[in-house]
Amino acid sequence: MPATEALTDQLKREARAIGFDAVGIARVQPYPHADAFRAWLGRGMHGTMAYIPRSEEKRLDADKVVPGARSIVSVAKLYRTQDIPDDLRDDRERGVIARYAWGDDYHDVMKEQLNELRAWLEERSAAPFDSRVYVDSGPVLEREVAMLAGLGWIGKNTMLMSRELGSYFFLGEIITTLGLVADEPVTDHCGSCTKCLDACPTDAFPEPYKLDARKCLSYLTIERKGEMPAGYRELAGDNIFGCDICQEVCPWNRKAPLTDDPEYQPREGLVAPELAPLMAMSDEAFRERFRGSPLKRSKRRGLLRNVAVSLGNTCDPDAVPALEAGMADAEPLVRRHAAWALGRIGGKGAEEALRRARTGEGDADVLAEIDDALTQGSQQEDDR
Ligand code: B12
Ligand code: SF4
Ligand code: SF4
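Here the structure is a predicted model, which means the values were calculated and not measured.

Chemist: Would you mind going over the packing of helix H14 (residues 299-313) against helix H16 (residues 332-345) with me for this structure?
Modeler: In helix packing, the relevant descriptors are the interaxial angle and the interaxial distance, both defined with respect to the helix axes. Where H14 meets H16, the closest approach of the two axes is 8 Å, and the angle between their N-to-C directions is 5 degrees. Here H16 runs roughly parallel to H14, going by the angle between their axes. For the pair H14 and H16, contact is made by Arg-301, Leu-304, Arg-305, Ala-308, Val-309, Leu-311, Gly-312 and Asn-313 and by Leu-333, Val-334, His-337, Ala-338, Trp-340, Ala-341, Arg-344 and Ile-345, respectively. Residues belonging to the contact of H14 with H16 are distributed by class as follows: ten nonpolar, three polar and three charged.

Chemist: Any chance you could explain the site of ligand 2 here in plain terms?
Modeler: Looking at ligand 2, the residues that line it are Cys-200, Pro-201, Thr-202, Phe-205, Leu-211, Cys-216, Leu-217, Cys-243, Ile-245 and Cys-246. Of the residues assigned to the shell around ligand 2, the class counts are nine nonpolar, one polar and no charged.

Chemist: Please explain the site of ligand 1 as it appears in this structure.
Modeler: Neighbouring residues of ligand 1: 39 residues in total, closest Glu-142, Arg-143, Glu-144, Leu-160 and Tyr-209. Between ligand 1 and Asp-136, the relevant distance is 3.0 Å, taken from a nitrogen atom to a main-chain nitrogen or oxygen of the residue. Take Tyr-209: an N or O atom from its main chain is 2.8 Å from an oxygen atom of ligand 1. Of the residues contributing to the shell around ligand 1, the split by class is 23 nonpolar, eight polar and eight charged.

Chemist: Teacher, can you tell me more about the packing of helix H1 (residues 3-18) against helix H6 (residues 106-124) here?
Modeler: Where H1 meets H6, the closest approach of the two axes is 10 Å, and the angle between their N-to-C directions is 150 degrees. Comparing the axis directions of H1 and H6 gives the class roughly antiparallel. As H1 runs across H6, the sense of the crossing is right-handed. Seen from H1, the contacting residues are Leu-7, Gln-10, Leu-11, Glu-14, Ala-15 and Ile-18; seen from H6, they are Gln-113, Glu-116, Leu-117, Trp-120, Leu-121 and Arg-124. Along the lines of polarity and charge, the residues of the contact of H1 with H6 split into seven nonpolar, two polar and three charged.

Chemist: Please clarify how the sheet that holds strand E4 (residues 131-134) should be interpreted in this entry.
Modeler: Strand pairing within a sheet occurs via backbone hydrogen bonds; the two strands may be parallel or antiparallel. A sheet is described by the order of its strands in space; here four strands give the open sequence E1-E2-E7-E4, paired in antiparallel fashion. Unpaired on one side and paired on the other, strand E1 (22-27) and E4 mark the two borders of the sheet. Recorded for the sheet is a direction-independent mean angle of 20 degrees between the axes of neighbouring strands. Where strand E2 (residues 71-78) lies against strand E7 (residues 169-176), eight bridges are found, and the strand directions are antiparallel. Bridge pairing in E7 links Lys-77 to Phe-170. Across the sheet, H1 touches E1 and E2, and the angle it forms with E1 is around 140 degrees.

Chemist: Any chance you could explain H14 here in plain terms?
Modeler: Every α-helical turn comprises 3.6 residues, leaving residues that sit three or four positions apart pointing alike. Taking 1.5 Å of rise per residue, the 15 residues of H14 would be expected to cover 21 Å, and the 22 Å separating its terminal C-alpha atoms lies within 8% of that figure. Within H14, 13 of the 15 residues are buried, which leaves the element mostly enclosed by the surrounding structure. Note on H14: the residue one or two positions beyond its end, Cys-315, has a positive phi of about 55 degrees.

Chemist: Got a minute to help me understand the side chain of His-107 in this structure?
Modeler: Relative to the assigned elements, His-107 resides in helix H6. Among the polar contacts listed, one links the side chain of His-107 to the side chain of Asp-105, at a separation of 2.6 Å. Separated by 2.7 Å, the side chains of His-107 and Asp-136 make a polar contact. Apart from residues no more than four positions distant in its own chain, His-107 is found in contact with Val-135, Asp-136 and Ser-137.

Chemist: Whenever I open this one, the pattern of salt bridges confuses me. Can you help?
Modeler: When their charged atoms lie close together, side chains carrying opposite charge are able to pair. Scanning the entire structure with this criterion turns up 31 salt bridges. Between Lys-77 and Asp-261 there is a salt bridge, and its shortest N-O distance comes to 2.9 Å. One end of the pair, Lys-77, is in strand E2; the other, Asp-261, is in the loop between helix H11 (245-248) and helix H12 (275-279), and 184 residues separate them in sequence. Classification of Lys-77 by relative accessible area gives buried; the value is 1%. The salt bridge involving Arg-297 is made with Glu-223; its shortest N-O contact spans 2.9 Å. Placement of the pair is Arg-297 in the loop between helix H13 (283-289) and H14 and Glu-223 in helix H9 (residues 217-223), with a sequence separation of 74 residues. Each of Arg-80, Asp-83, Arg-89, Arg-99, Asp-244 and Glu-248 takes part in one network of salt bridges that share partners.

Chemist: Hey, could you run me through the pairing of E7 in this one?
Modeler: One face of the sheet, then the other: side chains in a regular strand alternate in exactly this way. Taking burial as the measure, the eight residues of E7 include eight buried ones, the bulk of the element. Of the two faces of E7, the one holding Phe-169, Leu-171, Glu-173 and Ile-175 and the one holding Phe-170, Gly-172, Ile-174 and Thr-176 are both buried throughout. Summarising the sheet, E4 and E7 pair through four bridges and their orientation is antiparallel. Looking at the pairing, Ser-131 lines up with Thr-176 of E7.

Chemist: Please explain the domain arrangement of the chain as it appears in this structure.
Modeler: The parts lose accessible area when they come together, and the size of an interface is often stated as this lost area. When its domains are assigned, the chain resolves into domain 1 (3-81 + 103-176) and domain 2 (274-384). Centre-to-centre separation of domain 1 and domain 2, based on C-alpha positions: 40 Å. Taken together, the contact between domain 1 and domain 2 spans four residues of the former and four residues of the latter. For the pair domain 1 and domain 2, the number of links is one salt bridge. The shortest N-O distance in the salt bridge between Lys-296 and Asp-105 comes to 3.0 Å. Inspection of the region where domain 1 meets domain 2 yields two residue pairs in polar contact (both at pLDDT 80 or more).

Conventions used here
Residues numbered from 1 in each chain as written. Chains lettered and ligands numbered in written order. Predicted model: local features only at pLDDT ≥ 70, side-chain atom pairs only at ≥ 80, totals over all residues. Heavy atoms only, no water. Axes fitted to C-alpha atoms, helices over the stretch in contact; angles between N-to-C directions. Helix = DSSP H or I, 4+ residues; strand = E, 2+ residues; numbered from the N terminus. Parallel < 35°, antiparallel > 145°, perpendicular 65-115°, else oblique. Contact = heavy atoms within 4.5 Å. Nonpolar A, V, L, I, M, F, W, Y, C, P; charged D, E, K, R; others polar. Near = heavy atom within 4 Å. Polar contact = N/O pair within 3.5 Å; in protein donor to acceptor, adjacent residues only side chain to side chain. Left-handed = near helix turned anticlockwise from the far one by under 90°. Pairing = 2+ DSSP bridges. Expected span 1.5 Å × (residues − 1). Buried < 20%, exposed > 50% of the residue type's maximum accessible area, 1.4 Å probe, protein only. Salt bridge = Lys/Arg side-chain N within 4 Å of Asp/Glu carboxyl O. Domains from an automatic or database assignment.

Right, dumping it as structure tokens:
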């Protein structure tokens, strides 16, 4: 067996031994969907994620990231551990956190494993090489790379899909100047199915294989830092961090395997947590609870914004006390969304809470939200 082939084979075995669930090699080459990526940016579908257009050229050319790059080792790591038990899912006082965020922060876990794999490669390779390791946050089109490396196909929901693994897995890569033996892409297995496109609550797919991030609940609950636009609040339902709907409905996830890796097992209270206690969380409690967790990305104010919206979506007067506490939060962003939520619940208790909050409120945006909520509440009364 020629040396490169043997090294590639051993590298793949080592990647699995380290804990990755799939591994493949992509040759550095022009990306087949480069124009689609440019068009996506051109139409502003990245929203406020300015870091993406800033590194547009690097994302499209690995040689601009690692000069002389010839191969990209692409790895996948499963994170699905269980599904949400029906009784928790049906409990409207609870919110839903996307599965990827139940365990430890995958960036840290996977980077360490990829560094271990790179160290192994450095020891075994006859020639010295240059390389960079990335998980999610680097200037790489990770799904495109994984598709070229034969890990799966890009589904209509834009997820990298695998017949063996489904789609609940993370991606990471080593871009290297080494010339390894490249894999072949696999064919598309979506067929005539459109379940993901039909299930999206916000209609975020303008067409198959394209996602308008500005409409996606994952973007709206995690990446977008300011207010949640009014038109999306009801559609957010009980999703308080990320969204798994277009994966939950996918037939390829029905029998996909679970992982028993300790890092990705759910941290206490993250599988469908109760909403009201989250609303009462102090800054310190937030930092303590979500240290080393993907949830820290939204920051406390972003998470509580989402929790307020979901409390409103319960339409349950029992949520009024938690929201009234939210009206006293130091963050105007939280108070604004708590006001909206009280307006959505309506009724005497919610109206009184809004009026009490109004007397001490000094922020113009929050006052406007309170006034809108009071109008909405009185309209609801008229309709009853
Ligand atoms: C920005 C971003 C987001 C944005 C935008 C997502 C998007 N679809 O564009 C938001 C915040 C919405 C998001 C959400 C999620 N994300 Co995200 N996200 C990223 C990030 C950082 C960049 C993605 C990007 O470049 N988007 C630009 C678009 C144009 O590229 P793309 O998504 O790869 O889409 C490809 C297809 O559209 C394809 N294409 C275009 N036209 C056509 C036509 C045909 C016929 C075909 C076949 C393909 C095709 O070309 C594009 C380029 O390859 C990547 C990490 C990375 N560095 O790549 C993670 C990443 C894609 N996200 C990931 C995850 C887990 C999620 C969520 C599941 C989290 C959650 N549960 O809330 C959701 C899933 C939503 C969804 N359906 O995509 C994983 C996906 C793993 C996988 N199996 O695919 C990644 C790879 C992170 C990681 N390292 O694991 N994410
Ligand atoms: S993650 Fe949710 S909101 Fe985003 S595209 Fe998928 S179903 Fe739609
Ligand atoms: S739900 Fe259907 S169309 Fe969507 S990714 Fe899965 S197989 Fe493809």
